[in-house]
Amino acid sequence: MVRAGLNAARLTEAAAEMADEAGIENVSLSALARRFGVKDASLYSHVRNLRDLRVRVALLAGEEMTGRIAVAVAGRSGKDALVAFADAYRAYALERPGRYAASQMRFEPEEVAGSAGLLRSVELTYGMLRAYGLEDPDLTDAARLLRSTFHGYVHLELSGAFGHSREVRTSWARGLDALHAALENWPTTHEGEKE
């Protein structure tokens, strides 16, 4: 018998909390069942398998982070929007490391079909970049640059890899200055590409 009140949303939230405490790689159906005091089999009424659970955590994280970014960038453009976007991204990753790690997993298209959070994330990113006068394919290239820069920085920060005495926050701010300058001076073509 399934414990009263147990549902996919409640399991997802508990798994997200577990991910932040111990890492997404340590989230398991057995550990989650123990947390609720039920047998593993009880969870299969609500989630298909461990992959399904982790995808749910990833989508929850994506929606939460996108919500924060949307609030941060509202009414801003140019460098102000870039800094607000980046700071909200970094703050979420540092506060919710397990959820953030889950959001970086590779998805199959059917797993994320209809995800409003992912669509909104793309819209926010492209909207901010359009203020720099970018159009596709430059929008996609710039979005990839931002994501790889933000992710690389917070991944290194979370793992304690920045050992230099210079304040990490200062380096972050200088990096954003450099990204802003790069976006303002985005090359219109790349060598070997046709215009």
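Residues numbered from 1 in each chain as written. Predicted model: local features only at pLDDT ≥ 70, side-chain atom pairs only at ≥ 80, totals over all residues. Heavy atoms only, no water.

Caption draft 1: Summary view of the overall build of the chain. Of the regular secondary structure elements, the chain holds 10 helices and 0 strands. Ordering the α and β elements of the chain from the N terminus gives α-α-α-α-α-α-α-α-α-α. Summarising its shape, the C-alpha atoms of the chain cover approximately 60 × 40 × 35 Å along the three principal directions. For the chain, with 195 residues in total, the buried portion stands at 42%. Taking all contacts inside the chain whose residues are at least 6 apart in sequence as the whole, residues at least 24 apart take part in 68%. Side chains of the chain carry 24 positive and 27 negative charges; the gap between the two charge centres is 7 Å. (Helix = DSSP H or I, 4+ residues; strand = E, 2+ residues; numbered from the N terminus. Buried < 20%, exposed > 50% of the residue type's maximum accessible area, 1.4 Å probe, protein only. Contact = heavy atoms within 4.5 Å. Lys, Arg positive; Asp, Glu negative; His and termini not counted. Charge placed at Lys NZ, Arg CZ, Asp CG, Glu CD.)

Caption draft 2: Main features of the pattern of salt bridges. All chains considered together, the criterion is met by 14 salt bridges. The residue Arg99 makes a salt bridge to Asp20 at a minimum N-O spacing of 2.7 Å. Placement of the pair is Arg99 in helix α6 (residues 97-103) and Asp20 in helix α1 (residues 8-22), with a sequence separation of 79 residues. Owing to a relative accessible area of 19%, Asp20 belongs among the buried residues under this scheme. When salt bridges that share partners are traced, they join Glu13, Asp20, Glu64, Arg96 and Arg99 into one network. (Salt bridge = Lys/Arg side-chain N within 4 Å of Asp/Glu carboxyl O.)

Caption draft 3: Quick look at the packing of helix α5 (residues 78-95) against helix α8 (residues 116-130). Close contact between α5 and α8 brings their axes to 9 Å; oriented N to C, the two are set at 150°. One way to sum up the angle between α5 and α8 is to call them roughly antiparallel. Handedness of the α5/α8 crossing: left-handed. Contacts between α5 and α8 pair Ala81, Leu82 and Phe85 from the former with Leu124, Thr125 and Met128 from the latter. Class assignment of the residues belonging to the contact of α5 with α8 gives a composition of 5 nonpolar, 1 polar and no charged. (Axes fitted to C-alpha atoms, helices over the stretch in contact; angles between N-to-C directions. Parallel < 35°, antiparallel > 145°, perpendicular 65-115°, else oblique. Left-handed = near helix turned anticlockwise from the far one by under 90°. Nonpolar A, V, L, I, M, F, W, Y, C, P; charged D, E, K, R; others polar.)

Caption draft 4: Local environment of the layout of surface pockets. By volume, the largest pocket amounts to about 750 Å³. Lining the largest pocket are 25 residues, and of these Leu118, Ser121, Val122, Thr125 and Arg147 lie nearest its centre. Broken down by secondary-structure element, the contributors of at least two residues to the lining of the largest pocket are α4 (50-73), α5, α8 and α9 (138-158). (1 Å grid on protein atoms, 1.4 Å probe; cavity = no way out; pocket = protein on both sides within 12 Å on 5 of 7 lines; lining within 4 Å. Points joined across faces, edges and corners; volume = space filled by probe spheres on them.)

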